[in-house]
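Architecture and fold: a report
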Amino acid sequence: MSRISRLPSPLLRAAACTGVAALALTACGSGSGSGTASTGSGSVKVGLITKTDTNPFFVKMKEGAEKAAKENGAQLSTAAGKFDGDNAGQVTAIENMVAAGVKGILITPSDSKAIVPAIQKARAKGVLVIALDTPTEPESAVDALFATDNLKAGQLIGEYAKAAMKGKTAKIAALDLAPGVSVGVQRHNGFLKGFGATDKDVVCAQDTGGDQAKGQTAMENCLQKAPGINVVYTINEPAALGAYTALKAKGREKDVLIVSVDGGCTGTQAVKDGKIAATSQQYPLKMAAEGVKAVVTYAKDGKKASGYTDTGVTLITDKAQDGVTSKDTAYGLDSCWG
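One structure accompanies this document, and this report is about it. Fair warning: this is a prediction, and the values are worked out from it, not measured in the lab.

Turning our eyes to something else, we now look at the sheet that holds strand E4 (residues 128-132). Pairing is parallel across the open sheet formed by 6 strands, whose spatial order is E2-E1-E3-E4-E5-E11. At either margin of the open sheet sits one strand with a lone partner, and together these are strand E2 (74-80) and strand E11 (307-310). Averaged over all pairs of adjacent strands, the angle between strand axes in this sheet comes to 20 degrees, irrespective of strand direction. As paired elements, E4 and strand E5 (residues 144-147) share 3 bridges and run parallel to each other. Within E5, the position partnered with Ile-130 by the bridge is Ala-144.

Spelled out as structure tokens, the structure:
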């Protein structure tokens, strides 16, 4: 994937690099993919803080923000946690960006609750704060949320899985994200709602952190606990591919239905290859682009974005089921990220 690479101004770089020990601030290194879309003194300063800078979802989000910043004459600084869950790093990033004079901050919260005090301090200083992808708890802690409807994303793959089972008794494994992360909770609950099931119907549940290796280990553990598993819900496609690897090692890859969420290019290709039955595709580039535009609008006329903006979700599969709206992998690969 191509990534736009620009360097921030010396003053912004100096501000951003404060506290670098606590955070992987991508504005600090040359060729890091962070920078300014406009270096004019009058350009609007926008900050983007993602959970990590390695997950393809957040790489694409950053790419969308960089493109939108260039198109709108804004100056973008970026930061990312060292790992998914690095709340302390995100707090440091907020403080650094406020000190650098950003007009708005776009953030994918690693901890939906713990980040709230830092966000409140930024808003109190007149900074517009927009959550991307992951809502804060409470959602009203930010000015606005631009995100996938994660409950709907889960519900779509739940409805698909139910239809694909064609009345067979389901033994469900849930490969989740991590405790307390709203995205994971919403997708999990959405899947159960779509399938018409409850947590009592889940024979094995394991946290994976959305990681492929952990997804494989989780699936191995679930197969030991409940060998008859025939439906696997996964928080994202890396976890799904880990599950597939574990199932293939047991010769079970063809008789277990795997469904997931994200719609990255690798995951969508896995749907095409038959490793994953279906996935709900979301659009991180759109989230970031709309966020940058909202900050620029706020800077120019004082109009604040507010409430929730649904950035869309599409069920992707090459094995369509009656009564479940979907698009094929040709569409998915044309619209994917990563």
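Let's shift gears to the pairing of E4. Within E4, 5 of the 5 residues are buried, which leaves it mostly tucked inside the rest of the structure. Alternating residues of E4 divide into Leu-128, Ile-130 and Leu-132 and Val-129 and Ala-131, and every residue in both groups is buried. Pairing geometry for strand E3 (residues 104-107) and E4, over 4 bridges, is parallel. Within the sheet, the bridge partner assigned to Ile-107 lies in E4 and is Ala-131. Running through helix H4 (residues 116-124), the crossover from E3 to the neighbouring parallel element E4 is right-handed.

Where helix H2 (residues 56-71) meets helix H10 (residues 284-301), the axes come as close as 7 Å, and the angle between the chain directions of the two elements is 35 degrees. Pair H2 / H10 crosses with right-handed handedness. Contacts between H2 and H10 involve Phe-57, Lys-60, Met-61, Glu-63, Gly-64, Ala-65, Ala-68 and Ala-69 from the first element and Pro-284, Leu-285, Met-287, Ala-288, Ala-289 and Val-292 from the second. Tallied by class, residues from the contact of H2 with H10 come to 11 nonpolar, 1 polar and 2 charged.

Another aspect to go through is the environment of Val-259. By the secondary structure assignment, Val-259 is in strand E9 (residues 257-262). If near-sequence neighbours (up to four positions away) are discounted, Val-259 is found in contact with Ile-157, Tyr-160, Ala-161, Phe-191, Val-232, Tyr-233, Thr-234, Ile-276, Ala-277 and Ala-278.

So, how was this worked out
Residues numbered from 1 in each chain as written. Predicted model: local features only at pLDDT ≥ 70, side-chain atom pairs only at ≥ 80, totals over all residues. Heavy atoms only, no water. Pairing = 2+ DSSP bridges. Helix = DSSP H or I, 4+ residues; strand = E, 2+ residues; numbered from the N terminus. Axes fitted to C-alpha atoms, helices over the stretch in contact; angles between N-to-C directions. Buried < 20%, exposed > 50% of the residue type's maximum accessible area, 1.4 Å probe, protein only. Right-handed = clockwise from strand over helix to strand, strands pointing away. Left-handed = near helix turned anticlockwise from the far one by under 90°. Contact = heavy atoms within 4.5 Å. Nonpolar A, V, L, I, M, F, W, Y, C, P; charged D, E, K, R; others polar.

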